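For reference, the chains in residue letters:
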Amino acid sequence: MKKVIVVGAGISGLAAAIYAKKSGFDVTIFEKHTIPGGLSTSWMRKGYLFEGGMHWLTGSSEKLALNKVWREVGALKDNNPIYYRDPFYTLLNEKGGALCLFRDINKTCDEFIQYAPEDKRAIQRLRKDVKAFLHVHLVVNDIARLKTTSPKHPKFFELLKMFPAIVKYFPLKNCSYIDYVNKFKNEDIRHLLFSVIGLRYNALSFIYTLASFSSGDCGFPIGGSIVMAKNMADEFESLGGTIEYKSEVEKVCISAEGGGKKATGVISNGEYRAADAVIVTQDTRTAMEMLFDIPLNTRLVNRMKARLVGAENMFICLGVKTLLNKYPKGIVLPLKKPFVAGGIEFNELRLNNYAEYENHSPKDCTSLTCLLLGGCYDYWKAAKEDGTYKAKKDDLAKRLIEELEKSIPEIKDKIEVIDVATPVTYERYTNAYKGSWMTIWASKKASVKYPIKTRSVKGLYFAGQRTIMPGGLPLVVYSGRKAVQYLCRDFKTVFVS
């Protein structure tokens, strides 16, 4: 069997390793961390489980071809059935009222019209835009000239159903998320809609997300990121594959061969490990600079440097010694005064309340998390370097708790676990560029793809969030699958799914 080394045991690395192993390769994964999952991760603190990598899964619906991919790689099994939270978010206003963002766009818009009739025109536009994208999804397609046991190609009617979205594609792509939501006059509606994705994206990303909810997709696999990742790791190891944890790859080795270049293995923990092919699933942006003695493609690296804007976040986790099951599972709190974190002002707080989720906290307790999205890496990196990092994290948690106590008084004096993750945290564990877990697709910008198969180096492939913009779990698993298809075609092997 040909030897393949996969750099990284994130979701793309695990997917690539599983498909390569199924297709007859001898596969070893090298992972710097002690657990699988990469950026799609969760962690336990004193009995509290904090979900730090996934809040919904695109492809959870069995109607989609992507769902079959998730099941092929073992991510979805009987131990993590899909749960559909509805309403997805609920805004709690100062008057004690609530405004809901339901999965069904008709139900959401009907409630919005009752709540803010002055916004009827903007609400009806939202309804039409979302409905135009109801059938838009990631198309699972095989590469050309591939020998496979189970060909996958989209059917004509599958593509035809996506046609209504074409008319709205460019207007939404060229409109910012902020400008789109600011068309609404009602402040509560704006607060609620601004909680769906990060503010730096285009309106197309926002509408596509709402449409995915409304189509019946985007559920939450019980157990979250860590169960999915462990399922995939177990699947890989059951096939006979090997994962070497605490084994960071320092270099990918490339040698001259017949007038060209060929990947011959990696150096990990100071030791050379030979291979016939290498699949790099570490963040492509950092890998290009860290893993190669000579840049593979200066033009490509410069292009990525110039265009890539990462989706960074601050993640505050609270273990609360009381049951908060009377509160919604997704909470949006509008603020009278902006909350400042990482040098960024936030006008609303978005919380995930795991009070009723199994195994997320001790009995009669609650795991509560707050996700703050924005370009904050430089702020936290500077704090790390000047010695104020811990003090600033402690201050952030303290001020957030004080803010939350105004709307959720039950948490006062009940918090027994506090954990704060910053982009520097994610960078340390995963080597992600600026600790970012996706790429921002801003208005008026093209969705850029980067080569999965290199032209200049034989036996070298890339997969992961940076290869297909904007990234995210569906494109991550798809890129891992695609990398192995190129591998199989190059080595004249049948791709087995």
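In case you missed it, the structure is sitting above this.
Caption draft 1: Region of interest: the overall build of the chain. Assigned secondary structure in the chain consists of 16 helices and 20 strands. A compact globule built from 497 residues would reach a C-alpha radius of gyration of about 23 Å, and the chain, at 23 Å, matches this within 12%. With the C-alpha coordinates aligned to their principal axes, the bounding extent of the chain is approximately 75 × 55 × 45 Å. Residue burial in the chain is summarised as follows: out of 497 residues, 57% are buried. Of the roughly 21,400 Å² of accessible surface on the chain, 52% is carried by carbon and sulfur atoms. Each charge class in the chain can be summarised by its mean position, and for the 73 positive and 52 negative side chains these summaries are 6 Å apart.

Caption draft 2: How the structure looks around the nonpolar core. Leu126, Tyr180, Phe206, Val280 and Leu460 are the most contacted members of the largest nonpolar core, which totals 69 residues. Per element, the largest residue contribution to this core is 7 residues, and it comes from helix α9 (residues 203-214). Those residues in contact with Leu460 that lie beyond four places of it in its chain are Val252, Ile254, Ala263, Val278, Val280, Phe292, Leu296, Ile452, Lys453 and Thr454.

Caption draft 3: Expanded view of a positive patch on the surface. Side chains of Lys2, Lys147, Lys458 and Lys492 sit close together on the surface and give a patch of like positive charge. Here Lys492 lies in the segment after α16 (473-490). On the basis of relative accessible area, Lys492 is assigned to the exposed category, the value being 77%.

Caption draft 4: Region of interest: the packing of helix α13 (residues 377-386) against helix α15 (residues 423-430). Where α13 contacts α15, the two axes come as close as 8 Å, and the packing angle between them is 75°. Comparing the axis directions of α13 and α15 gives the class roughly perpendicular. Residues Tyr377, Trp380, Lys381 and Lys384 of α13 lie in contact with α15, whose contacting residues are Pro423, Val424 and Glu427.

Caption draft 5: Structural detail: the sheet that holds strand β14 (residues 313-320). If you trace the 7 strands from one edge of the open sheet to the other, you get β7-β6-β15-β16-β17-β14-β18, paired in mixed fashion. Lying at the two open borders of the sheet, with one neighbouring strand each, are β7 (98-101) and β18 (415-421). Neighbour-to-neighbour, the strand axes of this sheet turn through a mean angle of 25°, independent of strand direction. Bridging between strand β15 (residues 330-341) and strand β16 (residues 344-353) involves 8 bridges; their strand directions are antiparallel. Within β16, the residue paired with Ile331 across the bridge is Leu351.

Caption draft 6: Up close: helix α2 (residues 65-72). Within the span of α2, buried status applies to Leu66, Asn67, Val69, Trp70 and Glu72. Summarising the contacts, the buried residues of α2 are in contact with α1 (11-22), α10 (224-238) and α16. Phi turns positive one or two residues past the end of α2, at Gly74, with a value near 80°.

Caption draft 7: Representation of the pattern of salt bridges within the structure. Counted under the stated rule, the structure contains 25 salt bridges. For Asp129, the salt bridge identified is with Arg125, shortest N-O distance 3.6 Å. A residue pair is termed a helical-turn pair when its members lie 3 or 4 positions apart in one helix, as Asp129 and Arg125 do in helix α4 (residues 120-132) at 4 residues. Under the relative-accessibility criterion, Asp129 is labelled buried at 3%. For Arg125, a relative accessible area of 34% translates into the label partly exposed. Notably, a salt bridge pairs Arg481 with Asp142, separated by 2.8 Å at the nearest N-O pair. In this pair, Arg481 sits in helix α16 while Asp142 sits in the loop between α4 and α5 (156-160), placing the two residues 339 residues apart along the sequence.

Caption draft 8: Spotlight on the pairing of strand β13 (residues 277-280). Every second residue of β13 is oriented toward a common face, with Ala277 and Ile279 on one face and Val278 and Val280 on the other, all of them buried. With 4 bridges connecting them, strand β1 (residues 3-7) and β13 associate as parallel partners. From the neighbouring strand, Val6 faces β13, where its bridge partner is Ile279.

Caption draft 9: Structural detail: the sheet that holds β1. Ordered in space as β9-β2-β1-β13-β20, the 5 strands form an open sheet in which the pairing is parallel. Two strands in the sheet have a free side with no partner beyond their single neighbour: β9 (242-244) and β20 (460-462). Strand-to-strand twist of the sheet, defined as the mean angle between neighbouring strand axes without regard to direction, takes the value 20°. Packing against the sheet, α1 makes contact with β1, β2 (26-30), β9 and β13, and its axis sits at approximately 165° to β2. Of the strands in this sheet, β2 and β9 are in contact with α10, which crosses β9 at around 125°.

Caption draft 10: Up close: a nonpolar patch on the surface. Together, Phe156, Phe157, Leu160, Phe163 and Ile166 make up an exposed nonpolar region whose accessible area comes to about 590 Å². Counting residues per element, the nonpolar patch draws most heavily on α5, which supplies 3 residues. Among the structural elements, Phe163 can be located in the loop between α5 and α6 (164-173).

Caption draft 11: Representation of unusual backbone geometry in the model. Look at the link from Asp86 to Pro87: it is a cis peptide, with omega at 0°. Along the chain, Pro87 falls in the loop between β5 (82-83) and β6 (89-92). One non-glycine residue, Arg145, lies in the positive phi region at around 60°. By the secondary structure assignment, Arg145 is in the loop between α4 and α5.

Caption draft 12: Molecular detail of the pairing of β2. Within β2, 4 of the 5 residues are buried, leaving the element largely enclosed by the surrounding structure. Pairing geometry for β1 and β2, over 5 bridges, is parallel. Of the residues in β2, the one forming a bridge with Val6 is Ile29. Where β2 and β9 come together, 3 bridges link them in parallel fashion.

Scoring rules and cut-offs
- Residues numbered from 1 in each chain as written.
- Predicted model: local features only at pLDDT ≥ 70, side-chain atom pairs only at ≥ 80, totals over all residues.
- Heavy atoms only, no water.
- Helix = DSSP H or I, 4+ residues; strand = E, 2+ residues; numbered from the N terminus.
- Rg over C-alpha atoms; globule rule 2.2 N^0.38 Å.
- Buried < 20%, exposed > 50% of the residue type's maximum accessible area, 1.4 Å probe, protein only.
- Areas by Shrake-Rupley, 256 points an atom, 1.4 Å probe, with all protein chains shown as cover.
- Lys, Arg positive; Asp, Glu negative; His and termini not counted.
- Charge placed at Lys NZ, Arg CZ, Asp CG, Glu CD.
- Core = buried A, V, L, I, M, F, W, Y, C linked by side-chain atoms within 4.5 Å.
- Contact = heavy atoms within 4.5 Å.
- Patch = residues over 30% accessible without salt bridge, like charges linked within 9 Å, V, L, I, M, F, W, Y side chains within 5 Å.
- Salt bridge = Lys/Arg side-chain N within 4 Å of Asp/Glu carboxyl O.
- Axes fitted to C-alpha atoms, helices over the stretch in contact; angles between N-to-C directions.
- Parallel < 35°, antiparallel > 145°, perpendicular 65-115°, else oblique.
- Pairing = 2+ DSSP bridges.

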